[in-house]
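Observations on the three-dimensional arrangement
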Amino acid sequence: MTDLPTKAALPLLQGERVQLRAYCDDDADALYAIYSDPVVMRYWSFSPWSERSQADDYLRRDRDYVGDGMLAWAIARREDDELVGTVTVLGINRAQGRADIGYALSSAQWGKGIAQEAVRLALAHAFDVLQLRRIEADVDPRNTGSCRLLERLGFTREGLLRERWKVSGELQDSAIYGLLRGELK
C-alpha cells in the first residue's frame, strides 16, 4: 500500500486548465474571499468567515494535517497560479479503502467546468495512487449545482440524513453520495 504523502510530498496534479497544489502564504487573501462569500458558503456546514485571520488559521491547520488522513489542495489556474478554490480528500481510512471529498470554488469561476476538472484530478489520485475503493461526499440537497457535479462524475446519491447540520440557526439536510473505483466518469 502507498503511504500518504507528507507535506513536502503533496503531489502537484495538473489538468488542462487547473492544477492542484499545496497551499502557500500568498493564498490567504483568495482563500478568505472564497470562504467569506455568503453565496459560496450558502450550503456549507459552517457559516461564512468573518475575519481574515480565519484564512491564516485554515492554511496553518490544513498544512499540519496533510499526510495524516487528509490531502488538502489549492485549486489554481494553470495560466497564472491564482487560487480559485479548494479540494480536499479527508477522513482517509486506508484499512477500509475509503475517504470523503470536499471542495469549494470562487463563485466567479462557477459554470466553467473548473470544479469538475479539479475534483476529477483529486478522485483519480485517490483511486489510482492511494488505491482507495470508495469516496463519499456530503452535500446539502438544495445545492443543485454540487449535486449535478457529483452525478456528472459518476457519484450515486445513496441516502439523505435529515437535519444533519445547524448553520447560522438553520437546519440543513445532507445528501450522501458515493463513488466506487471504476465508476469515475
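Residues numbered from 1 in each chain as written. Predicted model: local features only at pLDDT ≥ 70, side-chain atom pairs only at ≥ 80, totals over all residues. Heavy atoms only, no water.

**Overview of helix H4 (residues 144-152)**
- Looking only at H4, the buried set comprises Ser146, Cys147, Leu149 and Leu150. When H4 is viewed along its axis, its buried side chains cluster within an angular range of 160 degrees and face the same direction.
- Turning to H4, the residues buried within the fold contact strand S5 (98-105), helix H3 (114-128), strand S6 (134-139) and strand S8 (170-180).
- At the exit of H4 stands glycine 154, carrying a positive phi of roughly 110 degrees. (Buried < 20%, exposed > 50% of the residue type's maximum accessible area, 1.4 Å probe, protein only. Helix = DSSP H or I, 4+ residues; strand = E, 2+ residues; numbered from the N terminus. Arc of directions from axis to C-beta. Contact = heavy atoms within 4.5 Å.)

**Observations regarding the sheet that holds S5**
- Taken together, 8 strands build an open sheet; the order of strands is S1-S2-S3-S4-S5-S6-S8-S7 and the sheet is mixed. The open sheet has two edge strands with one neighbour each: strand S1 (13-14) and strand S7 (156-167).
- As paired elements, S5 and S6 share 3 bridges and run parallel to each other. Looking across to S6, one finds that arginine 98 is bridged to arginine 134.
- Across the sheet, H3 is in contact with S1, strand S2 (18-21), strand S3 (70-77), strand S4 (83-93), S5, S6 and S8; its angle to S2 comes to roughly 45 degrees. (Pairing = 2+ DSSP bridges. Axes fitted to C-alpha atoms, helices over the stretch in contact; angles between N-to-C directions.)

**A few points about the packing of aromatic side chains**
- Per the counting criterion, the structure on display carries 7 aromatic pairs.
- A ring pair is formed by tyrosine 23 and tyrosine 58, whose centres lie 5.8 Å apart and whose planes are at 80 degrees; its orientation type is edge-to-face. A residue pair is termed long-range when its members are at least 10 positions apart, and tyrosine 23 in the loop between S2 and helix H1 (28-35) and tyrosine 58 in helix H2 (residues 53-65) qualify at 35 residues. Pair check on accessibility: tyrosine 23 and tyrosine 58 agree, each one buried. (Phe/Tyr/Trp six-rings, centres within 6.5 Å; stacked < 30°, edge-to-face > 60°.)

**Looking at H3**
- Between its first and last C-alpha, H3 extends 21 Å over 15 residues, near the 21 Å set by a 1.5 Å rise per residue.
- Taken across its 15 residues, H3 has 12 buried, putting it largely inside the fold.
- When we look at burial in H3, the residues that qualify are Ile114, Ala115, Gln116, Glu117, Ala118, Val119, Leu121, Ala122, Leu123, His125, Ala126 and Phe127. (Expected span 1.5 Å × (residues − 1).)

**A closer look at the pairing of S5**
- Where burial is concerned, most of S5 is hidden: 6 out of the 8 residues are buried.
- In the classification by handedness, the crossover that spans S5, the intervening H3 and the parallel S6 is right-handed. (Right-handed = clockwise from strand over helix to strand, strands pointing away.)

**As for the nonpolar core**
- The biggest cluster of nonpolar side chains holds 37 residues, and the ones touching the most others in it are Leu20, Trp73, Val87, Ile101, Leu123, Ile135 and Phe155.
- Elements that contribute at least two residues to this core include exactly S2, S3, S4, S5, H3, S6, H4 and S8.
- Apart from residues lying up to four places away in sequence, isoleucine 101 is in contact with Val87, Thr88, Val89, Leu90, Val119, Ala122, Leu123, Ile135, Glu136, Ala137 and Phe155.
- With 16 residues, the next largest nonpolar core counts Tyr23, Met41, Leu59 and Ala74 among its residues. (Core = buried A, V, L, I, M, F, W, Y, C linked by side-chain atoms within 4.5 Å.)

**A word on unusual backbone geometry**
- With a phi close to 60 degrees, aspartate 81 is a non-glycine residue in the positive phi region.
- Take aspartate 81: it is sitting in the loop between S3 and S4.
- Taking relative accessible area as the criterion, aspartate 81 reaches 32% and is therefore assigned partly exposed.

**As for the side chain of aspartate 27**
- Note that aspartate 27 resides in the loop between S2 and H1.
- Residue classification places aspartate 27 among the buried residues on the basis of a relative accessible area of 4%.
- Side-chain polar atoms of aspartate 27 contact the side chain of arginine 21, separated by 2.9 Å. (Polar contact = N/O pair within 3.5 Å; in protein donor to acceptor, adjacent residues only side chain to side chain.)

**Let's talk about the pattern of salt bridges**
- What the rule picks out here adds up to 17 salt bridges.
- Among the salt bridges present, the one from arginine 52 reaches aspartate 29, with a minimum N-O distance of 2.7 Å. One end of the pair, arginine 52, is in the loop between H1 and H2; the other, aspartate 29, is in helix H1, and 23 residues separate them in sequence.
- Arginine 52 sits in the partly exposed class, given a relative accessible area of 32%.
- Look at aspartate 29 and you get exposed, because its relative accessible area is 54%.
- For glutamate 158, the salt bridge identified is with arginine 134, shortest N-O distance 2.4 Å. Linking glutamate 158 in strand S7 with arginine 134 in strand S6, this pair joins segments that are 24 residues apart in sequence. (Salt bridge = Lys/Arg side-chain N within 4 Å of Asp/Glu carboxyl O.)

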